[in-house]
Amino acid sequence: MPVTSVGARSVDRERPRPVGTAVTGGGGRAFVLGATGYLGRQVVAVLQDEGFDVAALSRRPDSAAELAAMGVRPVAGSIDDLGPYEAELRSADAVVVVGRMPYEREEPLVADLERVLGVASGASPPTLLFTSGTGVLGVPAPEGQWDQRSFAEDDDFTPPPWLQLRVRTEHRVRRLADRGIRSMVIRPPLIWGLGGSLQVPAVFRSVRTTGHACYVGSGLAVYSNVHVVDLARLYGLALRRGSPGAVYHAVAGELDFRGIAEAVATVTGTTTRSLTADEASQVWGPAVARTGLSTNSRSRAVVSRAELGWAPVHLDLRADILTGSYRRAHAAGEL
Ligand SMILES: NC(=O)c1ccc[n+]([C@@H]2O[C@H](COP(=O)([O-])OP(=O)(O)OC[C@H]3O[C@@H](n4cnc5c(N)ncnc54)[C@H](OP(=O)(O)O)[C@@H]3O)[C@@H](O)[C@H]2O)c1
């Protein structure tokens, strides 16, 4: 059945925390799926700062060396069969899912984790942090038009049809809180910083492929945004004092897609260009064009700020493009 409207009411946020899940200190063992990714690397650094001994899934032969260089113990395997590393998962105090996997693989993975973590033998319940994205809050903008709707963590929303699957996974994760797993969902907006991520590099890529810094339609659609290091700190705070079943946002500001393209045009010495939805699909591929660059996805981190005391330090995406990490990455030929 399609999900049409979802929000906090589906999970009882008022119930008392299960015993053993009150504020926890740092330390213990963490197992990360997606440690080699853009966000995963920063999350690993935060976990290590918090005193966690970190192990991570190593899917590729060469990722074992990458992980070891990060001070992470690689564990060979895949998300398709947790069997070979079930014992690792069970012995972890925290399991953090932060990789970019196909949406249709996310819910089966959570079901498998439920089976494994549900029989964890530790003294306190295991924590599961699952990474979703505010694409689920998206309001399609095929002509690049702005939309006034903005969502806090527990607001109701209607997901775009292509992300209903991910919302179902979010629900499944949150419901694990009723099964003795301290589960939480982290829902990042557009992530930026360190010259990486998805949307900003995609606009740089459009300069290479079209000669212009591109945006869709009027370019007034907007994603809320956060710096990757600030976002990673939210994982640490959620581990320390997050509530079972909660969703957490992380937002530092907003910059519409025309504003991003104008900054990229300045850095690359070119001009901007508006694309139709069809042209955008050709330049970026249909999925990135639709979900990432012609959608409004405006969010507010109300619960993260109030409950976890999270606040961003890096506030200016435009400056990071014009004079910061993206200018440097472009100069180094990395974008
Ligand atoms: N970047 C953004 O702006 C943004 C915004 C909102 C939400 N998010 C969410 O944040 C998460 C991480 O995003 P990211 O930008 O850091 O992605 P990323 O850099 O592309 O992530 C790559 C990581 O995902 C792992 N991975 C890829 N395919 C996998 C699979 N089939 N099974 C298991 N692991 C797999 C990779 O492992 P290998 O090294 O083994 O390939 C690597 O560790 C995703 O859930 C994404 O939807 C990102």
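Placed above this text is the structure.
Reading guide: rules and limits
- Residue positions are counted from 1 within each chain, in the order its sequence is given.
- Only residues with pLDDT of at least 70 are given local features in this predicted model, and only at 80 or more are side-chain atom pairs given and counted; all residues enter the totals for whole chains, interfaces and linings.
- The side-chain numbers reported here are obtained from all heavy atoms of the structure, hydrogens and water having been left aside.
- Each helix is a run of H or I in the DSSP string that is no shorter than four residues. Each strand is a run of E no shorter than two, and both are numbered from the N terminus.
- We take the radius of gyration over the C-alpha atoms and set the globule estimate at 2.2 Å times the residue count to the 0.38 power.
- Here the term buried applies to any residue with accessible area under 20% of the maximum for its type, exposed to any over 50%, and partly exposed to those in between, with areas from a 1.4 Å probe on protein chains only.
- Two residues form a contact once any of their heavy atoms are found within 4.5 Å.
- Here the open area of atoms and residues is found with the Shrake-Rupley method and a 1.4 Å probe, where only the protein chains shown may cover a residue.
- Charge assignment: positive for Lys and Arg, negative for Asp and Glu; neither His nor the chain ends contribute.
- Charge positions are represented by NZ for Lys, CZ for Arg, CG for Asp and CD for Glu.
- Only protein atoms enter the 1 Å grid used here, on which a cavity is any set of points holding a 1.4 Å probe that cannot leave and a pocket is any open set flanked by protein within 12 Å on both sides along at least five of seven lines; residues with an atom within 4 Å of a point are listed as lining.
- Grid points are joined across faces, edges and corners, and a volume is the space filled by probe spheres set on the points.
- We count a salt bridge whenever a side-chain nitrogen from Lys or Arg sits within 4 Å of a carboxyl oxygen from Asp or Glu.
- Each Phe, Tyr or Trp ring (for Trp, its six-membered ring) is paired with any other whose centre lies within 6.5 Å, and the angle between the two planes then decides the class: stacked below 30 degrees, edge-to-face above 60, tilted in between.
- Two limits define a charge over a ring: the Lys NZ or Arg CZ must be within 6 Å of the ring centre, and within 35 degrees of the ring normal.

Asks: I'd like to hear about the overall build of the protein, residue by residue, with values.
Replies: Regarding its fold elements, the protein presents 13 helices and 14 strands. At 20 Å, the protein has a C-alpha radius of gyration in line with the 20 Å of a compact globule built from 335 residues. If you line up the protein on its principal axes, its C-alpha atoms span 60 × 45 × 35 Å. Burial status across the protein gives 53% buried among its 335 residues. Considering only contacts within the protein whose residues lie at least 6 apart along the sequence, 82% involve residues at least 24 apart. Here the protein has roughly 13,800 Å² of accessible surface; of this, 51% comes from carbon and sulfur atoms. Treating the 36 positive side-chain charges of the protein as one cloud and the 35 negative ones as another, the clouds have centres 1 Å apart.

Asks: Give a detailed account of the side chain of Thr169, specifying residues and quantitative values.
Replies: Counting through the fold element by element, Thr169 comes out in helix α5 (residues 164-175). When sequence neighbours within four positions are dropped, the list of residues in contact with Thr169 reads Glu106, Glu107, Val110 and Phe130.

Asks: Summarise empty space enclosed by the protein; cite the residues concerned and give the values.
Replies: Counting across every chain of the model gives 2 cavities of 30 Å³ or more. Taken together, Arg29, Ala30, Phe31, Asp53, Ala55, Arg73, Glu88, Ser91 and Ala92 make up the lining of the second largest cavity. Listed by contribution, the elements that provide at least two residues to the lining of the second largest cavity are β1 (28-33), β2 (52-58) and α3 (86-91). With 3 residues, β1 is the largest single contributor of residues to the lining of the second largest cavity.

Asks: Lay out the pattern of salt bridges with the relevant residues and their values.
Replies: Tallied over the entire structure, the rule returns 22 salt bridges. Ionic pairing is found between Arg41 and Glu66, a salt bridge with its closest N-O pair at 3.1 Å. Here Arg41 is found in helix α1 (residues 38-49), whereas its partner Glu66 is found in helix α2 (residues 63-69), with 25 residues between them in sequence. Residue classification places Arg41 among the partly exposed residues on the basis of a relative accessible area of 32%. On the basis of relative accessible area, Glu66 is assigned to the partly exposed category, the value being 26%. Note that Asp154 and Arg174 form a salt bridge whose closest N and O atoms lie 3.8 Å from each other. Of the two residues, Asp154 is situated in the loop between β6 (139-140) and α5 and Arg174 in helix α5; the sequence distance between them amounts to 20 residues. By relative accessible area, which is 21% here, Asp154 ends up partly exposed. Looking at Arg174, the relative accessible area reads 5%, which means it is buried. Residues joined in a network through salt bridges with shared partners are Glu107, Glu114, Arg168, Arg172 and Arg179.

Asks: Tell me about the packing of aromatic side chains, residues and numbers included.
Replies: In the structure shown here, the tally under the stated rule is 4 aromatic pairs. Aromatic pair Phe31 and Tyr85: ring centres 5.5 Å apart, planes at 15°, arrangement stacked. With Phe31 in strand β1 and Tyr85 in the loop between β3 (73-76) and α3, this pair connects stretches of sequence that are 54 residues apart. Note on Tyr85: relative accessible area 1%, which makes it buried. A centroid spacing of 6.3 Å and a plane angle of 65° characterise the contact between Tyr223 and Phe257, whose relative ring orientation is edge-to-face. You can see Tyr223 sitting in strand β10 (residues 222-227) and its partner Phe257 sitting in helix α8 (residues 257-268), a full 34 residues away along the chain. Residue Tyr223 is classed as buried on the basis of its relative accessible area, which comes to 6%. In this structure Phe257 comes out as buried when scored by relative accessible area, which is 3%. Its guanidinium or amino end placed over the ring of Trp162, Arg290 lies 4.1 Å from that ring's centre, counting from NZ or CZ.

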